[in-house]
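These are the residues of each chain, in order.
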Amino acid sequence: MRRENKKSRFDASTVATTRQVRGFLPEEDRCCTPEQFCLDLSSTPGSPWNESATKVFVDDFLSVDIYACRNRQKITGMFRKHFRTLQRQYKKYGIIDANAPTTSNGSSSSNPHATAASSSTGPSANPGATSSNAAAAVNSPTDADKEHSRQQRRYTLFHRRYRIALRYDYLLRHTRILQRLGVDGMSSDEEDSGSAYRRYRVARKPWRHPQVTAFLRVLDAMHRRWRSRAGQGSLRGASPRLRFESTNVSIESRPVPGLPRNAYDPDWLNSLTTVQREDLHIDEQLYDFSHHVEVLA
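A tally of regular secondary structure across the protein gives eleven helices and three strands. For the protein, the sequential pattern of α-helices and β-strands runs α-α-α-α-α-α-α-β-β-α-β-α-α-α. The burial tally for the protein puts 37% of its 297 residues in the buried class. Long-range pairs, those at least 24 residues apart, make up 63% of the contacts in the protein with a sequence separation of at least 6. Accessible area for the protein stands at about 17500 Å²; split by element, carbon and sulfur atoms hold 51% of it.

Below you can see the structure in the form of structure tokens.
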């Protein structure tokens with residue numbers, strides 16, 4: 001749903017408007033697409049719009065052939081349970097107001113419950129203090145929230161790369177190595193709080209070979225092209241995050257086991273003990289991380 005963490009407000013493009021819901025005809029088409037996923041959070045999971053959105057989610061979940069669960073009924077139940085969680089968070093934190101002033105961390109400072117909350121607290125020496133403190137409490141993420149956000153961004157990054165590989169014939173052969181890398185093979189990042197706009201510093205994984213990083217960057221470029229006017233992707237919704245290389249190293253990064261030898265940094269491999277290398281279960285068959293010339297053109 002394009003949110004940084006569970007306390008973030010909802011992007012307007014992910015919440016169906018009253019006009020959209022009223023004009024929806026379920027017998028004609030789906031209410032949304034995986035790329036433009038949208039829920040009616042003011043209604044029930046069983047409403048026509050949300051029933052349609054659930055089918056979109058389940059179909060997309062099953063199309064990404066990396067999950068053990070293939071039972072449509074169980075996936076549907078899981079999503080409906082998650083819908084209720086999203087609905088509670090939506091009622092609590094609301095939607096992003098593009099016209100509202102922003103705080104120093106880029107979040108909207110408006111609170112959908114501010115009027116009701118302030119009217120019930122009565123007069124005070126500083127009328128804005130209560131709402132300001134409440135907003136600060138909501139908008140100040142804990143360390144756990146930040147870690148959750150990092151994990152969510154890595155999850156999103158993996159699926160974005162996997163889907164773009166599924167989309168183009170020249171990239172299809174790389175879907176298997178992406179599955180082997182998984183979410184844990186993706187670089188984490190940290191928001192650059194000193195920037196005037198939102199961007200993220202990438203933390204290098206010491207165990208991952210630089211050629212794997214270059215390989216993944218091409219997939220990112222293909223995704224940006226697909227989302228641009230030169231491609232066929234949606235121009236609506238949040239743009240891909242701006243990530244930039246940094247000197248940061250993810251020291252707590254655990255290596256993904258069972259990868260081809262040339263997926264691991266040779267200097268890092270040489271620093272391991274014999275036992276550590278055995279635990280890694282290295283695949284001695286090398287992988288061709290190169291891309292077709294048509295992709296690089």
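The next subject is the nonpolar core. In terms of nonpolar packing, the biggest core is built from 31 residues, with Leu-178, Leu-216 and Tyr-264 touching the most fellow members. Broken down by secondary-structure element, the contributors of at least two residues to this core are α6 (143–167), α7 (175–181), α8 (210–227) and α9 (266–270). Among the elements that take part in this core, α8 stands out by supplying seven residues, more than any other. For Tyr-264, the residues in contact, after removing those within four places along its chain, are Trp-207, His-209, Val-256, Pro-257, Gly-258, Leu-259, Leu-269, Leu-280 and Ile-282. The next biggest cluster of nonpolar side chains, apart from the first, holds 17 residues, and it includes Phe-10, Cys-32, Leu-41 and Ala-53.

A rise of 1.5 Å per residue sets the reference length of helix α3 (residues 72–93), with its 22 residues, at 32 Å; its end C-alpha atoms lie 31 Å apart and thus fit the reference within 8%. By the burial criterion, the buried members of α3 are Ile-75, Thr-76, Phe-79, Phe-83, Leu-86, Gln-87, Gln-89, Tyr-90 and Tyr-93. One face of α3 carries all of its buried residues, which in axial projection span an arc of 165 degrees. Opposite the buried face of α3, at more than 90 degrees from it, the exposed residues are Gln-73, Lys-74, Lys-81, Arg-88, Lys-91 and Lys-92. Just beyond α3, the residue with positive phi is Gly-94, at close to 75 degrees.

This brings us to the pattern of salt bridges. Scanning all chains against the criterion turns up ten salt bridges. Taking the shortest distance from any N to any O, the salt bridge between Glu-284 and Arg-261 comes out at 2.8 Å. Of this pair, Glu-284 sits in the loop between α10 (274–280) and α11 (293–296) while Arg-261 sits in the loop between β3 (243–249) and α9; the two residues are 23 residues apart in sequence, bridging distant segments of the chain. Look at the salt bridges and you will find they share partners, linking Arg-160, Arg-161, Arg-217 and Asp-220 into a network.

Once that is clear, we can look at the side chain of Thr-175. Mapped onto the elements, Thr-175 comes out in helix α7. A relative accessible area of 13% means that Thr-175 is categorised as buried. Of note is the side chain of Thr-175, whose polar atom sits 2.9 Å from the backbone oxygen of Leu-172. Setting aside its immediate chain neighbours within four residues, Thr-175 contacts Tyr-162, Ala-165 and Leu-166.

On to the packing of aromatic side chains, then. Summed over all chains, the structure comprises eleven aromatic pairs. Residues Phe-37 and Phe-79 carry aromatic rings whose centres are separated by 6.0 Å and whose planes lie at 75 degrees to one another, so their mutual orientation is edge-to-face. Of the two residues, Phe-37 is situated in the loop between α1 (18–23) and α2 (48–63) and Phe-79 in helix α3; the sequence distance between them amounts to 42 residues. Residue classification places Phe-37 among the buried residues on the basis of a relative accessible area of 14%. Overall, the relative accessible area of 4% leaves Phe-79 in the buried class.

Glancing now at the confidence of the model for the protein. Looking at the protein as a whole, its pLDDT mean stands at 77, while 69% of the residues score no less than 70. For the protein, the element scoring lowest by mean pLDDT is helix α4 (residues 114–121), at 36; α9 scores highest, at 96.

Attention now moves to the packing of α2 against α3. Following both chains from N to C, one finds α2 and α3 inclined at 125 degrees, their axes separated by 10 Å at the closest point. Classified by the angle between their axes, α2 and α3 sit oblique to one another. Here α2 and α3 pass one another in a crossing that is right-handed. For the pair α2 and α3, the contacting residues are Asn-50, Glu-51, Thr-54, Phe-57, Val-58, Asp-59, Phe-61 and Leu-62 in the first and Arg-72, Ile-75, Thr-76, Met-78, Phe-79, Arg-80 and Phe-83 in the second. Among the residues making up the contact of α2 with α3, the classes are represented as eight nonpolar, three polar and four charged.

The rules behind each value
- Residues numbered from 1 in each chain as written.
- Predicted model: local features only at pLDDT ≥ 70, side-chain atom pairs only at ≥ 80, totals over all residues.
- Heavy atoms only, no water.
- Helix = DSSP H or I, 4+ residues; strand = E, 2+ residues; numbered from the N terminus.
- Buried < 20%, exposed > 50% of the residue type's maximum accessible area, 1.4 Å probe, protein only.
- Contact = heavy atoms within 4.5 Å.
- Areas by Shrake-Rupley, 256 points an atom, 1.4 Å probe, with all protein chains shown as cover.
- Core = buried A, V, L, I, M, F, W, Y, C linked by side-chain atoms within 4.5 Å.
- Expected span 1.5 Å × (residues − 1).
- Arc of directions from axis to C-beta.
- Salt bridge = Lys/Arg side-chain N within 4 Å of Asp/Glu carboxyl O.
- Polar contact = N/O pair within 3.5 Å; in protein donor to acceptor, adjacent residues only side chain to side chain.
- Phe/Tyr/Trp six-rings, centres within 6.5 Å; stacked < 30°, edge-to-face > 60°.
- pLDDT = per-residue confidence, 0-100.
- Axes fitted to C-alpha atoms, helices over the stretch in contact; angles between N-to-C directions.
- Parallel < 35°, antiparallel > 145°, perpendicular 65-115°, else oblique.
- Left-handed = near helix turned anticlockwise from the far one by under 90°.
- Nonpolar A, V, L, I, M, F, W, Y, C, P; charged D, E, K, R; others polar.

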